[in-house]
Amino acid sequence: MLHPTESTADLLMLCREGNKAARDRLMRRFLPILRRWAHGRLPHHARSGAGTDDLVQLTLLKSIQHIDTFVPEREGAFLAYLRASFLNQMRDELRRSSRRPQGNPLEEHLGPAGPGSPLQDAVGQEALDVYEEALAQLTPLDREAVLMRLEFGYQYGEIAADLGLSSAGAARMRISRAVARLAKLIDANDLKA
Amino acid sequence: MTSRPDYRELAQRISDGDAIDWDSIEGQLDGRRSALKLLDSIARVSAPRNPASSARRWGHLEIHEAIGAGSYGTVFRAFDPMLDRDVALKLAHGDKQRARSWVTEARRLSKVNHPNVVTVHGAEVHDGEAGIWFELLEGVTCSEWVDGNGPLQLPEFIAVADALCSALQSVHDAGLIHGDVKPDNVILTADGRPVLVDFGSATELDNANLISGSPGYLAPEVMEGKAPGPSSDLYALGLTLRFLLSGKRPDSGGAQFQPLPGAPAGLVTEIETACSPDASRRQPSAEHLRERLQRFRPRQRRPWMWVLPAAVALAGLAGWFLRPPVTVEGPVSVAVLPFVSAGNTEQDRFFADGVAEEVLNLLAGSDDLRVVARNSSFRFRAESSDTRQIGNALGAEFLVTGKVQRDGGELRVSAQLTEIRSGNRLWSEVFEATPDRIFEIQHNIAASLSRSLGVDEIKILSDRSRNLQAWQLYLEGMELWRRKGEGPVRAAIQLFEQSLEHDPNFAEAWAALGEAWIVLPRYSQVDLDQGIARGAEAARKALELDSSLAQPYLSLAALENRRGSLAEGLALLEQARARGPRHKGVLNTLSFDYGRAGWIRDATIHAELGVIVDPMEGGQYVTLGYLYLVSGEFERARETFLRAWNDLGLKAYFLWQGILAIHLLQGELDQAESWLVHRPGGGEHDYLKSVIAGLRDPAERARAVAELLRAADHNRLPLHELFDYLLLLDEPELAFERVMTGLDRGQYFLPNHIYMPMAKTLRDRPLILELADRLGLADLWRETGRLPDFCEEVRVHYDCAVLLGTAQ
């Protein structure tokens, strides 16, 4: 995932300068990662290849188009940004489809009817909301590390390289501590609720 | 009672992806442990490929089912999350010392880069367990193939043998020996590639002291305790080849080798030499054996029966052009050069050319041959060039040359077939007869060639014997027609008509007459509708006489296109394709018309085939380059344009413009600016300088737009170019508006430009369908029920099918 010679930040910078080849490379790099991740986030009936791909591609394209205002320095930061964009995009689509039940096929895919996403089925929407809230309370570096590891399945070595940590072991310790802290925050937020 | 894991331990295990038995601690979950369980669930759903999944892991790989086992280890299907691909993982049995040495050798093997040697991605030891992961090959082993289908036929055998010798040589060149060559260790992949696998016994040449391998394939000297080496690998390869040709394993019937009937004796000797018990009698190297086996390479090469089903042969051929594989064989490629004329008159030359062209046309009727189009092969004259150079330029393996001598009532035609690679003359014959028997001679030449090339005898689709005088007039007409221009085409029409007076049933002459009428308006004041109508009339007559001809359908398609019936035109083109799938005119027209319809993938396949069939025709490269450009394959587009620009010397405006578009789209603005001076015919390009300035600096965009509009208003800028540049400057609405206004004023717009990469912003809006409607494309899509490729990309924005009313 991490290219030895061309960092995500380099590519993003080139994209910002209008370099379309860099944009293509960025798309090629992140599409499979985001696609795999998104699979668990879409409602069951929208998780056909087409439904996921549409939204994922749209998210990536839009995110890359709007990097004028935000150039993440790390791959983890870019992933966090993509993740947030995707979730917003999905919420928008869901809202739109609830207003217009007859729409394009994607909206129908994402329509309010039918079962939820695998993640909603597994833990419930309320728990997800609590999780998001707690996640937002972590430091950016911890948040990125946790997302890279737990949600995007990156290896410790890759995360260490991206976050500038000395070794995979250092990344492992940092993530493990962040996960424990996150659990504490979830527990506390849950109690408040 | 199970002890309760502390928070840190749970957090660590969640991070590591270990499986946690939550059920066993269900009753002890406090708030924080419940939160940790939530995080574990999120991790499992979000990243099912990560360690949190239940699959066993080895290093960073996730192990799935076992797919094979041997004395050295077990092979699993595994997933490499770092590279997001499935791989084969072989985990070693045995002691750690041996495992480590095995990994060392595997690392060395990873440096072997050969299409017929399995690609090793990596080798490591984790927790004392050694493993190698390599490309996952889908296919069958040679063993399975022969057991199920019998021994290989000679063409397949030679191809597999060639690949394996070459593969083994590359292993030896890397300083390794395989140590276990046998039919079970050769995979025939689904795409037809024989691949040498299982390097579990591989050792370095200078460290080869272990007896390893499969008993039946071990060389006698290794059995006696000598170190294995390239020669013992060759011995095992020899036995493998014996099995492929006879179906008999070395341990299934003694050493008696009974190859398939018909296997050349010399071939059997070569194989026996490779598996000679005396190492000193074997060939000195695998490469040496490969060269020796080449002598038995049949002239006929068919697609692999396990490789290319007939249905994908067309696409397969196109792929072959782009990525010449080592072993996947396409049809035999032949170029027929114009025959040398012994006479000095122009008529003598037309006659000699005509003989060669007729032979070419007859050969082109064979499905087993790929015959280079006349347009390309007739650019060379045998006497003036080196055959190898000609072959390379035309991408041909075999060359047909000949000589024609007319002396009063005597005709003498000699013809030869030469293999370009070796320079060997494979066939040569002289025919002598009276001139009226020329058609018989042409058939005989074509039949002899097809036999020599090992393909089925060519089919004579129609009675091609005809009136000699009619044929000579036709040949003269064709020669003039090819010169283009009003005078030659008018003269050609006269000659075709004269030819038809001699033989009113001469279908090709009617077809040529039709085509000539259709192109005449390009060069003259003749009304286009009149030309097309007369052309269509002649084409219909040609089809009445011979419905197997492709050309008349092209003429009829031109008529329908002119009438605005694009769907009808395409239906006729399909008819043409059915009759001449490799006819250069058919390929050229189909690639253009499919491209105009936005069916870019199909257009590209036909354009790629067009370049194969007619490699010297620059126009084919222009079409292909634009299709690559439209697909966003900029490097391939650039390479294609530059091939025509540099290698073929075609300094055409469209090529120049294509290259400029690549520079602009890629943000190569300095190169774009330098490229301006190469514009064919010179001319002003101030507006282009402004466009480049506008792309460099957004503050300059308004000025660039104003300049473009001014150039367009003064007719210095075609509508489609204005469209492209406005889009580049991020002015989609203006681009749309100007094109619609231009079309209303009767200005010409090349419809293909709506598919260009810069038009993406416009394609993302339903507005593009309005433009397509105005260009007649929407009707085409409705009538054919087939949407352009871009509709797949824009589904998130709108649904073409719904808006065009084609949804079911």
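Every chain is numbered on its own, with residues counted from 1 as its sequence reads. Chain labels run from A onward and ligand labels from 1 onward, assigned in the order the entries are written. Two thresholds apply to this predicted model, a pLDDT of at least 70 for residue-level local features and 80 or more for giving and counting side-chain atom pairs, whereas whole-chain, interface and lining totals are computed over all residues. Only hydrogens and water are removed before side-chain values are computed, so all heavy atoms of the structure are retained for them.

**Considerations on the overall build of chain B**
Then step 1. Put simply, DSSP H or I for four residues or longer makes a helix, DSSP E for two residues or longer makes a strand, and each gets a number counted from the N terminus. A count of helices and strands for chain B gives 35 helices and 17 strands.
Then step 2. The classification of residues rests on relative accessible area computed with a 1.4 Å probe and restricted to protein chains. Under 20% of the type maximum is buried, over 50% is exposed, and intermediate values are partly exposed. For chain B, with 808 residues in total, the buried portion stands at 55%.
Then step 3. Residue contacts are defined here by distance: any two heavy atoms, one from each residue, within 4.5 Å place the two residues in contact. Once local pairs closer than 6 in sequence are excluded, the contacts in chain B between residues at least 24 apart make up 61%.

**So, the interface of chain A and chain B**
Then step 1. The interface of chain A with chain B comprises 41 residues on the first partner and 34 residues on the second.
Then step 2. Buried area: the accessible surface (1.4 Å probe) lost by two parts on joining, summed over both. Both sides of the chain A and chain B interface together cover about 3,300 Å² of buried area, and 62% of this is carbon and sulfur.
Then step 3. When the buried area of chain A at its contact with chain B is split by residue, Arg36(A), Leu150(A) and Gln155(A) rank highest and sum to 17% of it.
Then step 4. The rule for a salt bridge is simple: a side-chain nitrogen of Lys or Arg has to be within 4 Å of a carboxyl oxygen of Asp or Glu. Our count for the contact surface shared by chain A and chain B stands at one salt bridge.
Then step 5. Residues Arg172(A) and Asp16(B) are paired through a salt bridge, measuring 2.4 Å at the closest nitrogen-oxygen approach.
Then step 6. What qualifies as a polar contact is a pair of N or O atoms within 3.5 Å, subject to a donor-acceptor requirement within protein and to the restriction that residues adjacent in sequence count only when both atoms come from side chains. Linking chain A with chain B are three residue pairs in polar contact (both at pLDDT 80 or more), by the criterion used here.
Then step 7. If you list the elements that add at least two residues to the side of chain A that touches chain B, you get α2 (20-38), α3 (49-65), α5 (105-109), α6 (118-123), α7 (125-137), α8 (140-151), α9 (156-163) and α10 (168-192) of chain A.
Then step 8. The element contributing the most residues to the side of chain A that touches chain B is α10(A), with ten residues.
Then step 9. Charged residues are taken to be Asp, Glu, Lys and Arg, nonpolar residues to be Ala, Val, Leu, Ile, Met, Phe, Trp, Tyr, Cys and Pro, and polar residues to be all remaining types, Gly included. Classifying every residue of the side of chain A that touches chain B by side-chain character gives 25 nonpolar, five polar and eleven charged.

**Regarding the confidence of the model for chain A**
All names here are of chain A.
Then step 1. Scored between 0 and 100, pLDDT is the confidence that the predictor attaches to each residue. Averaged over all residues, the pLDDT of chain A equals 75, while 76% of them reach at least 70.
Then step 2. Mean pLDDT across the elements of chain A bottoms out in α5 (37) and peaks in α8 (92).
Then step 3. Low confidence marks residues 1-5, where pLDDT is under 50. Its contacts with residues over four positions away, or in another chain, come to 14 contacts.
Then step 4. In this model residues 100-114 is a low-confidence stretch, pLDDT under 50, and it forms 35 contacts with partners more than four residues away in sequence or in other chains.

**With respect to the pairing of strand β16 (residues 410-419) of chain B**
Residue and element names in this part refer to chain B.
Then step 1. Of all ten residues that make up β16, eight are buried, and the element is covered over most of its length.
Then step 2. In this scheme, strands are said to pair when DSSP sees at least two bridges between them. Here strand β15 (residues 398-407) runs beside β16; their pairing, made up of ten bridges, is antiparallel. Bridged to valine 404 within β16 is valine 413.
Then step 3. Taken together, β15 and the strand that follows it, β16, pair antiparallel across an intervening segment of two residues, in which glycine 408 is found at a positive phi of about 60 degrees.
Then step 4. Where β16 folds back onto strand β17 (residues 425-433) in an antiparallel hairpin, the turn is made up of five residues, including glycine 423, whose phi is positive at roughly 80 degrees.

**Re a negative patch on the surface**
Then step 1. Within this analysis, patches are made of residues with over 30% relative accessible area and no salt bridge. Like charges are joined at 9 Å or less; nonpolar side chains (Val, Leu, Ile, Met, Phe, Trp, Tyr) at 5 Å or less. The Shrake-Rupley method, run with a 1.4 Å probe, gives the accessible areas here. Residue values count only the displayed protein chains as cover. Residues scored as charged are limited to Lys and Arg (positive) and Asp and Glu (negative), so that His and the chain ends carry no count. For charged residues, the charge sits on one atom: NZ in Lys, CZ in Arg, CG in Asp, CD in Glu. Together, Glu126(A), Asp129(A), Glu133(A) and Asp190(A) line one region of the surface with negative charge.
Then step 2. Of the residues forming the negative patch, the biggest block, three residues, is contributed by α7(A).

**Some words on the pairing of β17(B)**
Then step 1. The sheet contact formed by β16(B) and β17(B) spans eight bridges and is antiparallel. Residue Gln416(B) lies in a different strand from β17(B), and its bridge partner there is Ser428(B).

**Focus on α2(A)**
Then step 1. Think of it this way: the bend at a residue is just the angle between two axes, each fitted to seven residues, one set ending at that residue and the other starting at it. A bend of about 35 degrees at Phe30(A) is the largest found in α2(A), and the proline Pro32(A) appears one to four places after it.
Then step 2. Taken together, the buried positions of α2(A) are occupied by Ala21(A), Ala22(A), Leu26(A), Met27(A), Arg29(A), Phe30(A), Leu31(A), Ile33(A), Leu34(A), Arg36(A), Trp37(A) and Ala38(A).

**Regarding the nonpolar core**
Then step 1. In these notes, a set of buried Ala, Val, Leu, Ile, Met, Phe, Trp, Tyr and Cys residues joined through side-chain atoms within 4.5 Å is what counts as a nonpolar core. Counting residues in each nonpolar core, the largest one holds 99 residues, and the members touching the most others are Leu629(B), Phe723(B), Tyr725(B), Ile754(B), Leu771(B), Trp781(B) and Phe790(B).
Then step 2. Excluding anything up to four places from it in sequence, Phe790(B) contacts Tyr755(B), Arg763(B), Ile768(B), Leu769(B), Trp781(B), Tyr798(B) and Cys800(B).
Then step 3. Counting residues in hydrophobic clusters, the runner-up holds 65 residues, among them Trp37(A), Leu150(A), Phe152(A) and Ala183(A).

**Some remarks on the state of the cysteines**
Residue and element names in this part refer to chain B.
Then step 1. Any two cysteine sulfur atoms lying within 2.5 Å of each other are counted as a disulfide. The tally for this structure, following the rule as stated, stands at one disulfide over all chains.
Then step 2. Between cysteine 791 and cysteine 800 runs a disulfide, and the two sulfur atoms are separated by 2.1 Å. Between cysteine 791 and cysteine 800, the disulfide has an S-S torsion of -90 degrees and is therefore left-handed. For the pair shown, cysteine 791 and cysteine 800 are each scored as buried.

**Re the packing of helix α18 (residues 528-545) of chain B against helix α19 (residues 551-562) of chain B**
Residues and elements named next belong to chain B.
Then step 1. Helix axes are fitted only over the stretch in contact, all axes being lines through C-alpha atoms; the angle between N-to-C directions runs from 0 to 180 degrees. Orientation of α18 relative to α19, taken along the N-to-C sense of each, is 145 degrees, at an axis distance of 8 Å. Between α18 and α19 the crossing geometry is left-handed. Here Leu528, Asp529, Ile532, Gly535, Ala536, Ala539, Arg540, Ala542 and Leu543 of α18 lie close against α19, whose contacting residues are Pro552, Tyr553, Ser555, Leu556, Ala558, Leu559 and Arg562. Crossing handedness is read from the near helix: turned anticlockwise from the far helix by less than a right angle, it gives a left-handed crossing, and turned clockwise, a right-handed one.

**Details of helix α1 (residues 7-16) of chain B**
Then step 1. For α1(B), the complete set of buried residues consists of Leu10(B), Ala11(B), Gln12(B), Ile14(B), Ser15(B) and Asp16(B).
Then step 2. Just past α1(B), the residue Gly17(B) takes up positive phi, approximately 85 degrees.

**Looking at unusual backbone geometry**
Residues and elements named next belong to chain B.
Then step 1. The phi angle at aspartate 730 is positive, at roughly 65 degrees, despite the residue not being glycine.
Then step 2. In this fold, aspartate 730 is placed in the loop between α29 (719-728) and α30 (732-744).
Then step 3. Among the residues examined, aspartate 730 registers a relative accessible area of 49% and is labelled partly exposed.

**What to know about the pattern of salt bridges**
Residue and element names in this part refer to chain B.
Then step 1. Applying the stated criterion across every chain, the model contains 43 salt bridges over all chains.
Then step 2. Here arginine 490 makes a salt bridge to glutamate 486, at a shortest N to O gap of 2.9 Å. Of this pair, arginine 490 and glutamate 486 both sit in helix α16 (residues 486-502), four residues apart, roughly one helical turn.
Then step 3. Here glutamate 486 falls in the partly exposed class, since its relative accessible area comes to 32%.

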